[in-house]
Each structure stands twice: as structure tokens, then as C-alpha cells.
Amino acid sequence: MFALMQSTRAQSLHLFIDPPTGLKAVVVIHSEQLGPAMGGCRYLPYADDESAMTDAIHLAQGMSYKAALAGLPMGGGKAVIVRNPHVENRAALFEAFGRFVDTLQGRFITAVDSGTSTLDMDCIAQSTPHVTSTTASGDPSPHAALGVFAGIRATSMARLGSDNLEGLRVAVQGLGNVGYALAEQLHAAGAELLVSDLDPGKVRLAVEQFNAQPVAHEALVSTPCDIFAPCGVGPVLNGQSVMQLRCAAVAGSANNQLTTLQVADQLESRGILYAPDYVINAGGLIYVALTHRGEAVGTITAHLARIPTRLTEVFAHAQAEKRSPARVAQMLAERLLYG
């Protein structure tokens, strides 16, 4: 774990257990260079404790890059709570997690993430002020989706020569809060949707509401489309899956889409434009960070509007340097963080 922390430049890793509630939590503070570390609280089952810590470290690094490239005065962090099959009192578990967050004295601010809700954040807020995405401050998912939608238009312009999405085939993999909101916006823009999710109910709803075409989850990656939009959990782009892609570009809301940077090089060699995940999906972080700071709606909207601009800059750098946009984005982020 120390080797992974060194390779990702993670600053600290914190573990916490609370036997009465069954809480097992991990918080990683990746960087405080630009401000206090902010990161969502993920509540998912993991194969083992090492997997939970590894996930938190990689996600925290992505949050640092995301905040830096979005121009936010925040550092990057991440929280992971290991989800057990049976939880007697969910509210008590998240209140206990809030007490853990509070011991970090404002160095880490948490928010909603995969497996958690605004109600969970309300429970955390009973124990610490260092939380956002409560019912009072609002769910960041619609703002994340807005940013990804704008990023898809920028990606379409860069790869296909037009930001008009009417008639474009977009494959949305994962219909969680962000993925479903994104599908709704794509449908309104006239895109033809291919959708998959492990929850068949969400797929049926997308078929009914957006006239989407359902595709088996494992088959979507190889289904012909213009843009493949990963919006689920975990890395979906590896050496094998990239060779199956039949699209012009990849642009979605999922974090840590690439298993390695070499996968980005494979995408580049195949002529598939990749929108770096922590650039295109920054809308949620922008919303929670600026809401927590008490910024006005106009300021938040202006920050969200910069996502396609930043993405276009990354694409331009990548084209000029004949490098993958993922490598360019990492270089720009690390320059902001480390000089």
C-alpha cells in the first residue's frame, strides 16, 4: 500500500472501525496543495480490505486532478465505506462515519458518491460540518450530468466536426443518477440511445421514456455507436475491451475509466478520441465544492461552462503533440499541483 501511495503521490491514508455499527471506513487525502481535500463517500461491497484501500487511493488521485483542472481551490480525497450484506442501523453507521471525518479537522470534506444519498449525508452532518450534498445543499448528480453532456458535445465537435447530437448514436453504460440524467439530456438533444445497466428496471424506464435501445451489459462495449459513454463504477477500458470498441470517441461520467495509461495509448492508436474522465465529469465536484463555500449560483454556472472549454484545450494539446488526451490531462494537472 505504501508503494501505491508513493506512485500516486497520495499524502495520507486513514482507517476507522466502529464495532457497534459495523463501520469499516477508509479516507485517503491525496493532496492539500490547492486547498482542503474533497471527495465523495463511496458505499459499496469490496472483495477484500486491500481492494477498498486501492480504490480509495486511485479515486483520490483523480479528485486532485479534477479539482486542479477545474480551477477549484480544493485538494483531492476519497472516502470508502465497506458495505456489509446486513446493516442494522444505516443512520447510525453514517453518523459514526461523520465522527471519523470530524477527527480530520476540516482537512477532508466528504459528499455523496456511488452507493450513498443525500439522506446519508444528512446523517454524517449530525457529527461534522465537513460534509456537503445534504438534502439542504442538493444532489450534485444533475450538475455532473450537465457537465458530461457539454463535454460530449465538445468531444463530438473535436472528433466528428459538429456538436449537433441529433441522430448521433450514443451508448450509455450505466444508468445511475448521473447516467440516467445524462441519457435524458441526450434524448432531448435528439441522440439515438443504446443503454445498459445491471438493473433491468432502469433499462426498462430508459426504453419507455427515451425510446432507448436496450443492449446486454457485456455486449454494449462492442456495439457500433458514435460515442461510448461509460457511466458506471470502476475501470471499463482495458487492453481487451478497447479492442472491442466500435466507436469514434469515448466520453462518459465514470471515474477511473482506464486501467492504465497504456490503454489510452491504445485508444489513440485506434483513432478513438478519449475525453479524460476527470475533465469531463468535474460538474459534480464543481457543484459540491462551490456550494460548500457558499458561492452564488452564477459562479457555479460559470465554472460548469468551463468544462467543454478545458476539454477542447486538452484535445488541441493532444493533437499538436500527437499524444493521448489522457496523458496531456495528467501532465496539465500535475503541473498545477506540483509545478
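Calculation rules
Residues numbered from 1 in each chain as written. Predicted model: local features only at pLDDT ≥ 70, side-chain atom pairs only at ≥ 80, totals over all residues. Heavy atoms only, no water. UniProt positions renumbered as here; feature names shortened; annotations may be inferred. Helix = DSSP H or I, 4+ residues; strand = E, 2+ residues; numbered from the N terminus. Buried < 20%, exposed > 50% of the residue type's maximum accessible area, 1.4 Å probe, protein only. Areas by Shrake-Rupley, 256 points an atom, 1.4 Å probe, with all protein chains shown as cover. 1 Å grid on protein atoms, 1.4 Å probe; cavity = no way out; pocket = protein on both sides within 12 Å on 5 of 7 lines; lining within 4 Å. Points joined across faces, edges and corners; volume = space filled by probe spheres on them. Core = buried A, V, L, I, M, F, W, Y, C linked by side-chain atoms within 4.5 Å. Contact = heavy atoms within 4.5 Å. Axes fitted to C-alpha atoms, helices over the stretch in contact; angles between N-to-C directions. Parallel < 35°, antiparallel > 145°, perpendicular 65-115°, else oblique. Left-handed = near helix turned anticlockwise from the far one by under 90°. Nonpolar A, V, L, I, M, F, W, Y, C, P; charged D, E, K, R; others polar. Salt bridge = Lys/Arg side-chain N within 4 Å of Asp/Glu carboxyl O. Pairing = 2+ DSSP bridges.

With an unreviewed UniProt entry as reference, the protein chain is termed Amino acid dehydrogenase, source organism Pseudomonas muyukensis. Regarding the protein chain, the UniProt comment filed under Sequence similarities (unreviewed entry) reads as follows: "Belongs to the Glu/Leu/Phe/Val dehydrogenases family."

**Student:** Is there a simple way to explain the overall build of the protein chain in this structure?
**Tutor:** A tally of helices and strands in the protein chain yields 13 helices and eleven strands. Summarising its shape, the C-alpha atoms of the protein chain cover approximately 55 × 50 × 40 Å along the three principal directions. Sorting the 339 residues of the protein chain into buried and exposed places 54% on the buried side. Summed over all atoms, the accessible surface of the protein chain reaches about 14,100 Å², with 52% contributed by carbon and sulfur.

**Student:** What exactly am I supposed to notice about the layout of surface pockets here?
**Tutor:** In this approach the atoms are scanned with a rolling probe the size of a water molecule, which exposes any empty space left behind. Considered as a void within the structure, the second largest pocket measures approximately 250 Å³ in volume. Listing elements by their share of the lining of the second largest pocket, those giving two or more residues are helix H5 (141-160) and helix H12 (297-321). Looking at the lining of the second largest pocket element by element, the count peaks at four residues for H12.

**Student:** Before we go on, may I ask you to explain the nonpolar core in this structure?
**Tutor:** The tendency in soluble globular proteins is for nonpolar side chains to be buried side by side. Membership of the largest hydrophobic core comes to 46 residues, with the highest contact counts inside it found for Ile152, Leu186 and Leu193. Setting aside its immediate chain neighbours within four residues, Leu193 contacts Val170, Val172, Ala183, Leu186, His187, Phe210, Ala212 and Gln213. The next biggest cluster of nonpolar side chains, apart from the first, holds 22 residues, and it includes Leu93, Phe94, Ala96 and Phe97.

**Student:** Just checking my understanding: could you explain the packing of helix H6 (residues 177-188) against helix H7 (residues 200-210) for this structure?
**Tutor:** Packing of H6 against H7 leaves a shortest axis separation of 11 Å and a crossing angle of 20°. In terms of axis orientation, H6 runs roughly parallel to H7. Crossing angle aside, the handedness with which H6 passes H7 is right-handed. Facing H6, whose interface residues are Tyr180, Ala183, Glu184 and His187, H7 presents Lys202, Leu205, Ala206, Gln209 and Phe210. Counted by class, the contact of H6 with H7 contains five nonpolar, two polar and two charged residues.

**Student:** Sorry if this is basic, but what is going on with the packing of helix H11 (residues 283-292) against H12 here?
**Tutor:** Close contact between H11 and H12 brings their axes to 10 Å; oriented N to C, the two are set at 155°. By the angle class used here, H11 and H12 are roughly antiparallel. Of the two possible hands of crossing, H11 and H12 adopt the one that is right-handed. Residues Gly283, Ile286, Tyr287, Leu290 and Thr291 of H11 touch H12, and the partners they reach there are Thr299, Ile300, His303, Leu304 and Ile307. When its residues are assigned to classes, the contact of H11 with H12 shows six nonpolar, four polar and no charged.

**Student:** Sorry if this is basic, but what is going on with empty space enclosed by the protein here?
**Tutor:** Counted according to the given criterion, the structure contains one cavity of 30 Å³ or more. The computed volume of the largest cavity comes to approximately 50 Å³. Elements with a contribution of two residues or more to the lining of the largest cavity: helix H2 (49-69) and helix H10 (277-280). Looking at the lining of the largest cavity element by element, the count peaks at four residues for H2. For the lining of the largest cavity, a count of residues per class yields three nonpolar, three polar and three charged.

**Student:** I keep staring at the pattern of salt bridges and nothing clicks. Help me out?
**Tutor:** Side chains that differ in sign of charge can pair as their charged atoms come close. Overall, the coordinates contain twelve salt bridges when judged by the stated rule. The closest approach of N and O atoms between Arg90 and Asp120, which form a salt bridge, is 2.6 Å. With Arg90 in helix H3 (residues 90-102) and Asp120 in helix H4 (residues 118-124), this residue pair connects regions lying 30 residues apart in the sequence. In this structure Arg90 comes out as partly exposed when scored by relative accessible area, which is 30%. According to the relative accessible area criterion, Asp120 is buried, its value standing at 5%.

**Student:** Any chance you could explain the sheet that holds strand S7 (residues 192-196) here in plain terms?
**Tutor:** Whenever strands of a sheet pair, they do so through backbone hydrogen bonds, lying parallel or antiparallel. Taken together, six strands build an open sheet; the order of strands is S8-S7-S6-S9-S10-S11 and the sheet is parallel. If you trace the sheet from one side to the other, it starts and ends with strand S8 (213-214) and strand S11 (273-274), each paired once. By the bridge criterion, two bridges tie strand S9 (residues 227-230) to strand S10 (residues 249-250) in an arrangement that is parallel. Within S10, the position partnered with Phe228 by the bridge is Val250. Docked against the sheet, H7 engages S7 and S8, running at close to 165° with respect to S7.

**Student:** What's the story with the pairing of strand S2 (residues 23-31) in this structure? I'm lost.
**Tutor:** Among the nine residues that make up S2, eight are buried, leaving the element largely enclosed by the rest of the structure. Of the pairings in the sheet, the one linking strand S1 (residues 12-18) to S2 comprises seven bridges and is antiparallel in character. Residue Ile17 lies in a different strand from S2, and its bridge partner there is Lys24. Taking the residues between adjacent antiparallel strands as the criterion, S1 and S2 are bridged by four residues, where Gly22 takes a positive phi near 80°.

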